[in-house]
Amino acid sequence: MGQATSIFEGCLWYARPECETPTWVESAVEHSDLERARRFTSPADASRFLWSRALLRYALADATGRQPEAIRLEERTGLAPRLSGGGGVYFSLSRTRSLVCVFVSKAGPVGVDAESLQALPDLEQLAAVVLSENESDHLRGRLDAEAFLAVWTRKEAIAKALGTGLPDDARSLEVPIPLAKFRDMPWQRIDGQWIVATIRPPEGGGQIVSIVASLAGQASVGSIEILPQATALESASRARIRFIAP
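Note that this is a predicted model, so its numbers are computed, not measured.

Definitions and cut-offs
- Residues numbered from 1 in each chain as written.
- Predicted model: local features only at pLDDT ≥ 70, side-chain atom pairs only at ≥ 80, totals over all residues.
- Heavy atoms only, no water.
- Helix = DSSP H or I, 4+ residues; strand = E, 2+ residues; numbered from the N terminus.
- Rg over C-alpha atoms; globule rule 2.2 N^0.38 Å.
- Buried < 20%, exposed > 50% of the residue type's maximum accessible area, 1.4 Å probe, protein only.
- Contact = heavy atoms within 4.5 Å.
- Areas by Shrake-Rupley, 256 points an atom, 1.4 Å probe, with all protein chains shown as cover.
- Lys, Arg positive; Asp, Glu negative; His and termini not counted.
- Charge placed at Lys NZ, Arg CZ, Asp CG, Glu CD.
- Polar contact = N/O pair within 3.5 Å; in protein donor to acceptor, adjacent residues only side chain to side chain.
- Pairing = 2+ DSSP bridges.
- Axes fitted to C-alpha atoms, helices over the stretch in contact; angles between N-to-C directions.
- 1 Å grid on protein atoms, 1.4 Å probe; cavity = no way out; pocket = protein on both sides within 12 Å on 5 of 7 lines; lining within 4 Å.
- Points joined across faces, edges and corners; volume = space filled by probe spheres on them.
- Parallel < 35°, antiparallel > 145°, perpendicular 65-115°, else oblique.
- Left-handed = near helix turned anticlockwise from the far one by under 90°.
- Nonpolar A, V, L, I, M, F, W, Y, C, P; charged D, E, K, R; others polar.
- Phe/Tyr/Trp six-rings, centres within 6.5 Å; stacked < 30°, edge-to-face > 60°.
- Core = buried A, V, L, I, M, F, W, Y, C linked by side-chain atoms within 4.5 Å.

Asks: I would appreciate a short explanation of the overall build of the protein in the present structure.
Replies: What the protein contains, in helices and strands, is six helices and 11 strands. By the compact-globule yardstick of 18 Å for 246 residues, the protein fits well, its C-alpha radius of gyration being 18 Å. Across its three principal axes, the protein shows a C-alpha extent of roughly 50 × 50 × 30 Å. Looking at the protein as a whole, 48% of its 246 residues are labelled buried. Considering only residue pairs separated by 6 or more positions, the protein has 59% of its internal contacts joining residues 24 or more positions apart. Of the roughly 12,200 Å² that the protein leaves accessible, carbon and sulfur atoms contribute 48%. Each charge class in the protein can be summarised by its mean position, and for the 27 positive and 30 negative side chains these summaries are 3 Å apart.

Asks: In this structure, what is going on with the side chain of Thr153? I would like to understand it.
Replies: Along the chain, the position of Thr153 falls in helix α6 (residues 145-162). There is a polar contact of 3.0 Å between the side chain of Thr153 and the backbone oxygen of Ala150. Once residues lying within four places of it in the same chain are set aside, the contact partners of Thr153 are Asp113, Ala114, Glu115, Ile208 and Ser210.

Asks: What's the story with the pairing of strand β8 (residues 194-199) in this structure? I'm lost.
Replies: Looking down a regular strand, the side chains alternate between one sheet face and the other. Most of β8 sits inside the fold, with six of its six residues counted as buried. Every second residue of β8 is oriented toward a common face, with Trp194, Val196 and Thr198 on one face and Ile195, Ala197 and Ile199 on the other, all of them buried. Summarising the sheet, strand β7 (residues 188-190) and β8 pair through three bridges and their orientation is antiparallel. Opposite Arg189, over in β8, you have Ile195 as the bridge partner. What sits between β7 and β8 in their antiparallel hairpin is a turn of three residues, with Asp191 showing a positive phi close to 55°. Across six bridges, the pairing between β8 and strand β9 (residues 207-214) is antiparallel.

Asks: When you look at the sheet that holds β8 in this model, what are you seeing that I'm missing?
Replies: Backbone hydrogen bonds are what pair the strands of a sheet, in a parallel or an antiparallel way. The strand order across the open sheet formed by four strands is β6-β9-β8-β7, and the pairing between neighbours is antiparallel. Since the sheet does not close on itself, it has two edges, and those belong to β6 (110-116) and β7, each with one partner. In this sheet, neighbouring strand axes are inclined to one another by 25° on average, regardless of whether the strands run parallel or antiparallel. Strand contacts of α6: β6, β7, β8 and β9, with the helix running at about 150° to β6, the strand carrying the most contacts.

Asks: Got a minute to help me understand the layout of surface pockets in this structure?
Replies: Which parts of space are left empty comes out when a probe the size of a water molecule is rolled across the atoms. When its volume is computed, the largest pocket comes out at roughly 970 Å³. In terms of lining residues, the largest pocket is bounded by 34 residues, among which Leu79, Ala80, Ser92, Leu93 and Lys160 are the most central. For the lining of the largest pocket, the secondary structure elements donating two or more residues are α3 (43-64), β2 (73-76), β3 (79-83), β4 (90-95), β6 and α6. No other element matches the six residues that β4 contributes to the lining of the largest pocket.

Asks: Just to check I follow, could you spell out the packing of helix α4 (residues 123-130) against α6 for this structure?
Replies: Following both chains from N to C, one finds α4 and α6 inclined at 30°, their axes separated by 11 Å at the closest point. As summarised for this structure, α4 and α6 are arranged roughly parallel, according to the angle between their axes. The two elements α4 and α6 cross, and the hand of that crossing is left-handed. For the pair formed by α4 and α6, the contact residues are Leu123, Leu126, Ala127 and Val130 on the first element and Ala145, Phe148, Trp152 and Lys155 on the second. Across the contact of α4 with α6, the residue classes break down as seven nonpolar, no polar and one charged.

Asks: When you look at the packing of aromatic side chains in this model, what are you seeing that I'm missing?
Replies: Geometry of an aromatic ring pair is reported as the spacing of the ring centres plus the angle between the planes. Using the criterion set out here, one finds five aromatic pairs in the structure. Consider the rings of Trp24 and Trp51, whose centres lie 5.6 Å apart with planes at 80°: the pair is edge-to-face. Of this pair, Trp24 sits in helix α1 (residues 23-28) while Trp51 sits in helix α3, and the two are 27 residues apart along the sequence.

Asks: Which parts of the structure should I look at to understand the nonpolar core?
Replies: Nonpolar side chains tend toward joint burial in soluble globular proteins. One finds Trp24, Leu55, Leu60, Val102 and Val104 to be the most contacted residues of the largest nonpolar core, which totals 31 residues. Secondary-structure elements contributing two or more residues to this core are β1 (6-15), α1, α3, β4 and β5 (100-105). The contacts of Trp24, once residues within four sequence positions are left out, are Trp51, Ala54, Leu55, Tyr58, Leu233, Glu234 and Ala236. Counting 25 residues, the second-largest nonpolar core is a separate cluster that includes Val151, Ala157, Val175 and Trp194.

Here it is as structure tokens:
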């Protein structure tokens, strides 16, 4: 039996910030990160920001072969930072109250967004301002917090991959509606160029994560593989993501 052919590979890094900041976080943040963190009004938000910056540097170091302290980021107003010097590496990051995550690939532009799976008392009101008419029709009779958050993270992830940010009217950005629950969530195409998958990462603490990748010119995809990988970083995990040809 032949080896499965991968048409896209990336690495999802994620961590669950704790009260005690581990050494790897402290060693990877720069003075500019600390200065920016001081501007947050919430200590918890400041801590999550520092965790995300440290995790990003370790993820980019792994992808480029550099040391984390050698990673330089160029800040961009209203957009995610950019890796100084390029290096052919694409990345996206997201953070929630209990998770920070980074998706990195050399294959092309990517986007990632995470949300905590939780009850949404105002679900109907949220759906009215987020879901397009077509999306609402597809979810009629099965709209719940899980389905809504899957659609929301998909919208955020594709906006990040495009580099445009979410439009003021989120309804104007349509994404494929998930066809199954997360354990068996299939991949789906967006406009022929992008592929999106929504997953529950191993040891992710009840988080929903949507990943978007550029597959322009690629043939159809048969499956998605999520392969946990070891990391020496305390309270952090990573998983190799592969989209496999049929």
